[in-house]
Amino acid sequence: MKIAFYGSSLLSSYWNGAATYYRGLLRDLAGRGYDICFYEPDAFDRQQHRDIDPPDWARVVVYPATIGAAREVLEDAASADVVIKASGVGVFDDELLDGIIANARPDAIRIFWDVDAAATLDEMRAAPNHPVRRALPKLDLVLTYGGGPPVVAACRGFGAAHCIPIYNALDPATHFPAPPEDRFAADLAFLGNRLPDREARVERFFVDAASRLPERRFLIGGNGWESKAMPANIRRLGHIYTHEHNAFNSTPLALLNIARDSMANVGFSPATRVFEAAGAAACLITDEWEGIEMFLKPGEEVLIARDGADVADHVRALTPSRAKAIGQAALRRVLAEHTYALRGAQLDAILRAHVKRRRERSAA
C-alpha cells in the first residue's frame, strides 16, 4: 500500500519531539512493503537542524510554509491508499486535515494521527466547532501515540469510528548503550524542550531536586532553557541532536522523564524519551502517571517520583551498581515488548484488517 503522510518533520527533531516516533514506525512499515512519502513544511528552522538525510525507506517532500504549497502537496493524496495527517505540523494544520479528507480517493483509508491526544481532547471539549471534532465522522481511523482507555473512550465519544493507541517504542538500531562522554557527565540529566505545559513540572521535579542537592551535578538539554533562572548546579546544553542521544542517555548516573501536563493527567502516555533511555540501558526516574506498569516495572525497571523531593531521594540513594541494574532490566523489557518492529506489526495488522472489512462490506 502507498502511504501519504503529512507531518511536522521526519528529517529533523528540532522543536519536534515526534521525529523518532515517526522514523521508527515508518521505517518498519517500509520494511513490510509499504511505499511511503512524508510531506513536511520548511518551518521553525527544522531544515537548518536536520538530524538525518532523506532516508532510502521513504520519499520526503519538503514544501514551503505557504498555503499555496500546502494545497499543492495535498493533491498527491489522491494517489495514496492510506492518507495520514499528524497533529502538530505547526503550519496550516486545519487546512491539511480538511485537505486529506477532500483529496483522498473514496477507497483510501483516511487517518488522523494525534501525537498529543489529551491536549486535543481538551481543545475539543472547549470548542464544539473544533476542526478535528468536525473531521472525526469523515475519518476512518484515529491513531494516537498514547492515552490508553481514557483517550479511546473520549475520542469515540466525539464521533471517531475507531481510535487506537500506537505507543512509542524503541528502535534498537538507533538507540542503544554508548560509551560515556565527559560533556554529558552528571548525577541527573533531563532532555526536553521548554514548553508552556511542561515548564511548571520541570520546576517541580527537576529544578526543585537540584535545589535540594547543591553538591550534585544536574544537566538539562533541549531548546528554550537559556533564559530560565536555575540553580548553579544545573548546566544547560541547548538542542541535543538525535545522533547525540545515546551518549547523553548512557553517561549520567540517572535520567529524568517529565510528562507534559495533559499527558500526565490522562496517563498511559510514555514519551519517546522513556524508550530511548531504556534502549541505552539508562537508569530512568519518571514522574508518576497512571499506566507506567504497562511499559516498565516500578522499582525494578524504572523509579517513580511524585515530586522533586522524591527525585532528590532517588538520586541520593542511587549507586552506580544499582543504577546499572535498573537500566539493564529496562533494556531487557523494552527489547522484549516495546520495539518499533512490534508497533509496526500492530499497525500493519490494523490497516490490513480495515481493508478486509471494507472489501467485505462492498461484496455484501
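Thresholds applied
Residues numbered from 1 in each chain as written. Predicted model: local features only at pLDDT ≥ 70, side-chain atom pairs only at ≥ 80, totals over all residues. Heavy atoms only, no water. Helix = DSSP H or I, 4+ residues; strand = E, 2+ residues; numbered from the N terminus. Rg over C-alpha atoms; globule rule 2.2 N^0.38 Å. Buried < 20%, exposed > 50% of the residue type's maximum accessible area, 1.4 Å probe, protein only. Contact = heavy atoms within 4.5 Å. Phe/Tyr/Trp six-rings, centres within 6.5 Å; stacked < 30°, edge-to-face > 60°. 1 Å grid on protein atoms, 1.4 Å probe; cavity = no way out; pocket = protein on both sides within 12 Å on 5 of 7 lines; lining within 4 Å. Points joined across faces, edges and corners; volume = space filled by probe spheres on them. Nonpolar A, V, L, I, M, F, W, Y, C, P; charged D, E, K, R; others polar. Lys, Arg positive; Asp, Glu negative; His and termini not counted. Salt bridge = Lys/Arg side-chain N within 4 Å of Asp/Glu carboxyl O. Polar contact = N/O pair within 3.5 Å; in protein donor to acceptor, adjacent residues only side chain to side chain. Axes fitted to C-alpha atoms, helices over the stretch in contact; angles between N-to-C directions. Left-handed = near helix turned anticlockwise from the far one by under 90°. Pairing = 2+ DSSP bridges. Right-handed = clockwise from strand over helix to strand, strands pointing away.

Enquirer: What is the right way to read the overall build of the protein from this model?
Expert: Tallying secondary structure elements over the protein gives 13 helices and 13 strands in all. For a compact globule of 364 residues, the expected C-alpha radius of gyration is about 21 Å, and the protein comes in at 21 Å, within 12% of that figure. Here the C-alpha coordinates of the protein stretch approximately 70 × 40 × 40 Å along the principal axes. Counting every position in the protein, which comprises 364 residues, the buried fraction comes to 59%. Residue pairs in contact within the protein that sit at least 24 positions apart in sequence constitute 72% of those at least 6 positions apart.

Enquirer: Please clarify how the packing of aromatic side chains should be interpreted in this entry.
Expert: The relation between two aromatic rings is expressed through the spacing of the ring centres and the mutual angle of the planes. Going through the model one piece at a time under the given rule, you end up with 15 aromatic pairs. Here the aromatic rings of Phe5 and Tyr22 are separated by 5.2 Å at their centres, their planes lie at 65°, and the arrangement is edge-to-face. Taken together, the residues Phe5 in strand E1 (residues 2-6) and Tyr22 in helix H1 (residues 19-31) connect sequence positions 17 residues apart. With a relative accessible area of 2%, Tyr22 lands in the buried category.

Enquirer: What's the story with the layout of surface pockets in this structure? I'm lost.
Expert: Where empty space is left can be seen by rolling a probe of water-molecule size over the atoms. Taken as a whole, the largest pocket holds about 1,100 Å³ of empty space. Forming the boundary of the largest pocket are 50 residues, of which Gly17, Val115, Asp116, Leu195 and Arg260 lie nearest the centre. Those elements that place two or more of their residues in the lining of the largest pocket are H1, helix H3 (93-103), strand E5 (109-114), helix H4 (117-126), helix H5 (131-135), strand E8 (188-191) and helix H10 (272-279). Taken as a whole, the second largest pocket encloses approximately 260 Å³ of empty space. Every residue lining the second largest pocket is counted, 17 residues in all, and those nearest its centre are Arg23, Arg27, Ile52, Thr174 and Thr242. Sorting the residues of the lining of the second largest pocket by element identifies H1 and H10 as the ones contributing at least two each. Sorting elements by how many residues they give to the lining of the second largest pocket places H1 first, with four residues. Looking at the lining of the second largest pocket residue by residue, the classes come out as five nonpolar, seven polar and five charged.

Enquirer: Can you walk me through the side chain of Glu40 in this structure?
Expert: Positionally, Glu40 belongs in strand E2 (residues 35-42). The side chain of Glu40 sits in the buried core without any salt bridge; Arg50 is the nearest counter-charge, 5.8 Å away. A polar contact is formed between the side chain of Glu40 and the side chain of Ser9, at a distance of 2.8 Å. A distance of 2.6 Å separates the side chain of Glu40 from the side chain of Gln47, its partner in a polar contact.

Enquirer: How do you make sense of helix H11 (residues 308-317) when you look at a structure like this?
Expert: Residues spaced three or four apart along an α-helix face the same direction, because each turn holds 3.6 residues. Gly308, Asp310, Val311, Ala312 and Val315 are the residues of H11 that are buried. On the buried face of H11, the contacting elements are E8, helix H7 (199-212), strand E11 (254-257), strand E12 (284-287) and strand E13 (303-305). Near the N-terminus of H11, the side chain that reaches the backbone nitrogen of Ala309, with its oxygen 3.2 Å away, is that of Asp307.

Enquirer: I'm lost on the packing of H1 against helix H13 (residues 340-363) in this one. Help?
Expert: How two helices sit against one another is set out by the angle between their axes and by the gap between those axes. Between H1 and H13, the shortest axis-to-axis distance is 8 Å and the interhelical angle comes to 65°. Of the two possible hands of crossing, H1 and H13 adopt the one that is right-handed. Where H1 abuts H13, its residues Thr20, Tyr21, Gly24, Leu25, Asp28 and Leu29 lie against Tyr340, Ala341, Arg343, Gly344, Ala345, Leu347 and Asp348. Classifying every residue of the contact of H1 with H13 by side-chain character gives seven nonpolar, three polar and three charged.

Enquirer: Just to check I follow, could you spell out unusual backbone geometry for this structure?
Expert: Note: most residues except glycine have negative phi, and most peptide bonds are trans. A positive phi angle is found at Phe44, which is not glycine, with a value near 60°. Among the secondary structure elements, Phe44 is positioned in the loop between E2 and strand E3 (59-64). For Phe44, a relative accessible area of 44% corresponds to the partly exposed category. Of note, Ala281 is a non-glycine position whose phi angle comes to about 60°, a positive value. Looking at where Ala281 falls in the secondary structure, it is placed in the loop between H10 and E12.

Enquirer: Please clarify how the pattern of salt bridges should be interpreted in this entry.
Expert: Between side chains of opposite charge, a pair can form when the charged atoms approach closely. In the structure shown here, the tally under the stated rule is 25 salt bridges. Close ionic contact of Arg358 with Asp140 constitutes a salt bridge, the shortest N to O distance being 2.8 Å. Taken together, the residues span a long stretch of sequence, with Arg358 in helix H13 and Asp140 in the loop between H5 and strand E6 (141-144) at a distance of 218 residues. For the pair formed by Arg358 and Asp140, the shared burial category is buried. A salt bridge links Lys228 to Glu199; the nearest nitrogen and oxygen atoms lie 2.9 Å apart.

Enquirer: I keep staring at the pairing of strand E4 (residues 82-86) and nothing clicks. Help me out?
Expert: Taken residue by residue, a regular strand's side chains alternate between the two faces of the sheet. The buried fraction of E4 is high, at five of five residues. Covered by surrounding structure in E4 are Val82, Ile84 and Ala86 together with Val83 and Lys85, the residues of both alternating faces. Pairing between E1 and E4: four bridges, direction parallel. Looking at the pairing, Tyr6 lines up with Lys85 of E4. In this fold, the crossover linking E4 to E5 by way of H3 has right-handed handedness.

Enquirer: Is there a simple way to think about the environment of Asn246 in this case?
Expert: When you line up the elements, Asn246 lands in helix H8 (residues 245-250). Spatially, the C-alpha atom of Asn246 lies 19 Å from that of Asp53, the residues being 193 residues apart in sequence. Those residues in contact with Asn246 that lie beyond four places of it in its chain are Thr174, His175, Phe176, Ala178 and Ala280.

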